[in-house]
Amino acid sequence: MRKMIDIDFGSSRYDELVELRYKILLEPLGLKFLDSFRPEEANYLHIGCVEMLDDKLVGGLLLVPLDNEKIRMMQVAVDTIYQGEGIGRELVKYAEKRAKEAGYSQIVMHAMLSVVGFYEKMGYRIEGEAFDEQGITFMKVVKDL
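Bear in mind the structure is a predicted one, so any value in this text is a computation, not a measurement. Note on numbering: residues in each chain are counted from 1, in written sequence order. It should be noted that, the model being predicted, local features are given only for residues of pLDDT at least 70 and side-chain atom pairs only at 80 or more, the latter also being counted only at that level, while totals for whole chains, interfaces and linings use all residues. Working from all heavy atoms in the structure, the side-chain values ignore hydrogens and water.

## Description of the packing of aromatic side chains
At step 1: By convention, a stacked pair of Phe, Tyr or Trp rings (six-membered ring in the case of Trp) has centres within 6.5 Å and planes under 30 degrees apart, an edge-to-face pair has planes over 60 apart, and any other such pair is tilted. If you walk through the whole model with that rule in mind, you get four aromatic pairs.
At step 2: Arranged with centres 4.8 Å apart and planes meeting at 85°, the rings of Phe118 and Tyr119 form a pair that is edge-to-face.
At step 3: The class of Phe118 is partly exposed, set by a relative accessible area of 25%.
At step 4: Classification of Tyr119 as buried rests on a relative accessible area of 3%.
At step 5: Linked through ring pairs, Phe118, Tyr119 and Tyr124 together constitute an aromatic cluster. In this scheme, a residue with accessible area under 20% of its type's maximum is buried, one over 50% is exposed, and one in between is partly exposed, where area comes from a 1.4 Å probe on protein chains only.

## Brief notes about the confidence of the model for the protein chain
Low pLDDT means the predicted coordinates in that region are not meant to be read closely.
At step 1: Each residue carries a pLDDT value, the predictor's own confidence for that position, ranging from 0 to 100. Chain-level statistics for the protein chain give a pLDDT mean of 92 and a share of 97% at 70 or above.
At step 2: Comment: elements are numbered from the N terminus, with helices defined as DSSP H or I runs of at least four residues and strands as E runs of at least two. When mean pLDDT is compared element by element in the protein chain, helix 2 (residues 87-101) scores highest at 97, while helix 1 (residues 12-26) scores lowest at 92.

## With respect to helix 2
At step 1: With 15 residues, helix 2 ought to run about 21 Å at 1.5 Å a step, and its terminal C-alpha atoms sit 21 Å apart, in line with that.
At step 2: When helix 2 is considered as a whole, its buried residues turn out to be Ile87, Gly88, Leu91, Val92, Tyr94, Ala95, Glu96, Arg98 and Ala99.
At step 3: Where helix 2 terminates, the next one or two residues include Gly103, which has phi positive at roughly 95°. A helix is expected to reach a length of 1.5 Å times the quantity of its residues less one.

## Some details on the pairing of strand 4 (residues 70-78)
At step 1: Across six bridges, the pairing between strand 3 (residues 56-65) and strand 4 is antiparallel. What sits directly across from Gly59, in strand 4, is Val78.
At step 2: Any two strands with at least two DSSP bridges between them are considered paired. In this structure, the hairpin formed by strand 3 and strand 4 is closed by a connection of four residues.

## What to know about the sheet that holds strand 6 (residues 125-133)
At step 1: Reading across the sheet, the seven strands line up as 1-2-3-4-5-7-6 and stay open at both edges, with mixed pairing between neighbours. Bordering the open sheet on either side are strand 1 (2-7) and strand 6, each of which pairs with just one other strand. Averaged over all adjacent pairs, the angle separating strand axes in this sheet is 25°, with direction ignored.
At step 2: Sheet topology note: the strand 2 (residues 45-51)/strand 3 ladder contains seven bridges and is antiparallel. Counted as the bridge partner of His46 is Leu62 from strand 3.
At step 3: Should any heavy atoms of two residues lie within 4.5 Å, those residues are considered in contact. Helix axes use the C-alpha atoms of the stretch in contact, all axes being lines fitted to C-alpha atoms, and the angles between their N-to-C directions lie in the range 0 to 180 degrees. The strands that helix 1 touches are strand 1, strand 2, strand 3 and strand 4; relative to strand 3, the one it contacts most, it runs at about 90°.

Laid out in C-alpha cells, this is it:
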C-alpha cells in the first residue's frame with residue numbers, strides 16, 4: 001500500500017526526494033544536482049509517494065509556480081525497482097489535484113520524448129515543436145485543470 005504526501009522543503013524527506021531525483025534523472029545522464037538550486041526549491045511544492053510497509057520514498061516530483069494560472073511539473077521520478085506499477089500515474093494525478101486546489105488552471109511540463117505518450121494518455125496535449133535541453137529532446141505538454 002502506498003500514499004501520496006506533500007514534502008516539506010528542507011526536511012529529511014526532502015533530502016530523500018533530492019537523492020531519488022538525482023539517482024533516476026540526473027546520474028544516468030552524467031549530470032550533477034547543484035546545491036545552488038536548493039534555495040529556489042523552497043517555493044516549490046514537493047510531492048512524494050511512500051511505500052507504507054517500510055516508509056520508503058519510492059517516487060516524487062516538483063510543482064513550480066510559473067504565474068497565477070500555470071504551474072510547471074518537473075522531475076517526475078520513480079525508483080527503478082517500482083517502475084511499471086502505476087506510481088507515476090498516481091503521482092501525476094495527485095499533483096494535478098494539488099495544483100487545482102492551489103488555484104492553478106493549467107499544468108505545463110517539458111516531457112522527454114520517451115514519455116510523451118504516457119502524458120498524452122493522461123490527457124496532456126503537445127504544444128509546439130520538440131526542443132533540446134542539455135542534449136535531451138523534450139516536448140512541451142500541457143493540461144487544463
